[in-house]
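A structural walkthrough
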Amino acid sequence: MVPRFSAVPKITNPSAREFHSDYVAQGNPVLIACGERWKAHATWSPEYFARIAPNLSVPVKEYRAAGIHQSKWTFAAYADFLRSVEGETHSRHTVLPYCHDIPIFTWLPELLPDVSPFPVEYLPAYYRSEWWRYVQFFMGPAHSLTPLHFDTLLTHNLFFQIYGSKRFTIYAPSDARYCRRRGWRWFDFDPEHPDYERIPESRRAIPHEVIVGPGDVLYLPPGTLHHVRGLGTSISFNIDFHTRASALKSLLGPLRGMPRESLYYNALITLGVAFGAPEPWVFRRYKPYLSYVV
């Protein structure tokens, strides 16, 4: 059984050894205060992306009760949308279009100097030379929401906040049994509006709330449940990564209901991380995961 989290500490610029030994290896979440040291912290905004790539078509998602609806917007149109809803209040049922899961540095490699120096030492060696290829980018309005879920490949998650703030409500993987799972990785339980009459077992789930602001990096171990609310217009990105141990363990996912596509991507990464398959060979086949919707 995976232990339950006791807390989510906030630490400042840990060494790679401390990060890997105390958090990654132990399966403990942590909030890392790195500070607003990148050019991106001073320059990135919706208007910035509308200016440098106004006609770039990007996927925008809406998390509806019937599933995830995806459409295509240009950066210019999406920046206009963000301006139009800024300062508005919304009910808990409002569904807001959320620009989500973009391989931003593959599409706009000229942005790489904006996040230099990048802490590659926090990643396993397999990812370090081409880390930017594994990035997924997020931009959304205040009140944007990703409902309670865990990451589909059971990867480690390193989340970088650039602009604005987000509130993560997280639960240990062992609390999944209390949150009424729907399908493979989504949950019916709503941490913001708990319905203990409908889901009485959810009283046993222990939430940990983490506010992630500019310059913060949040680490989530594999299988961590997280509910994410935008507290203002927000820009961030993350890297999902596997260690040898998590990659091998992920291959057992189908026993718990993991979709075939997720197993396929995990098998590819396992070939690289655990068995030394060349990264370029693996990535060519893994690349579609970066816009994988499930």
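The notes below deal with the structure included here. Owing to the predicted nature of the structure, the values given are computational and were not obtained by experimental measurement. (Residues numbered from 1 in each chain as written. Predicted model: local features only at pLDDT ≥ 70, side-chain atom pairs only at ≥ 80, totals over all residues. Heavy atoms only, no water.)

All right, on to the side chain of Glu279 then. If you trace the backbone, Glu279 turns up in helix H9 (residues 279-286). On the basis of relative accessibility, which here comes to 10%, the residue Glu279 falls in the buried class. Among the polar contacts made by the side chain of Glu279, one reaches the side chain of Arg133 at a distance of 2.6 Å. Sequence-distant contacts of Glu279, defined by excluding residues within four places in its chain, comprise Tyr126, Glu130, Arg133 and Tyr134. (Helix = DSSP H or I, 4+ residues; strand = E, 2+ residues; numbered from the N terminus. Buried < 20%, exposed > 50% of the residue type's maximum accessible area, 1.4 Å probe, protein only. Polar contact = N/O pair within 3.5 Å; in protein donor to acceptor, adjacent residues only side chain to side chain. Contact = heavy atoms within 4.5 Å.)

Every α-helix carries 3.6 residues per turn, so stepping three or four residues along brings you back to the same face. Turning to helix H1 (residues 16-24), its buried residues are Phe19, Tyr23 and Val24. Relative to the axis of H1, the buried residues are bounded by an arc of 75° and lie together on one face. Those residues of H1 that are buried are in contact with strand E1 (10-12), strand E2 (30-33), strand E8 (156-163) and strand E13 (216-220). (Arc of directions from axis to C-beta.)

On the basis of which strands lie adjacent, the open sheet formed by nine strands has the order E1-E2-E13-E8-E15-E6-E5-E3-E4 and mixed pairing. The two strands at the open ends of the sheet, each matched to only one other strand, are E1 and strand E4 (67-74). Pairwise comparison of adjacent strand axes, ignoring direction, gives a mean angle of 25° for this sheet. Sheet topology places strand E3 (residues 57-64) next to E4; eight bridges connect them, and they run antiparallel. (Pairing = 2+ DSSP bridges. Axes fitted to C-alpha atoms, helices over the stretch in contact; angles between N-to-C directions.)

Geometry only, nothing functional implied.
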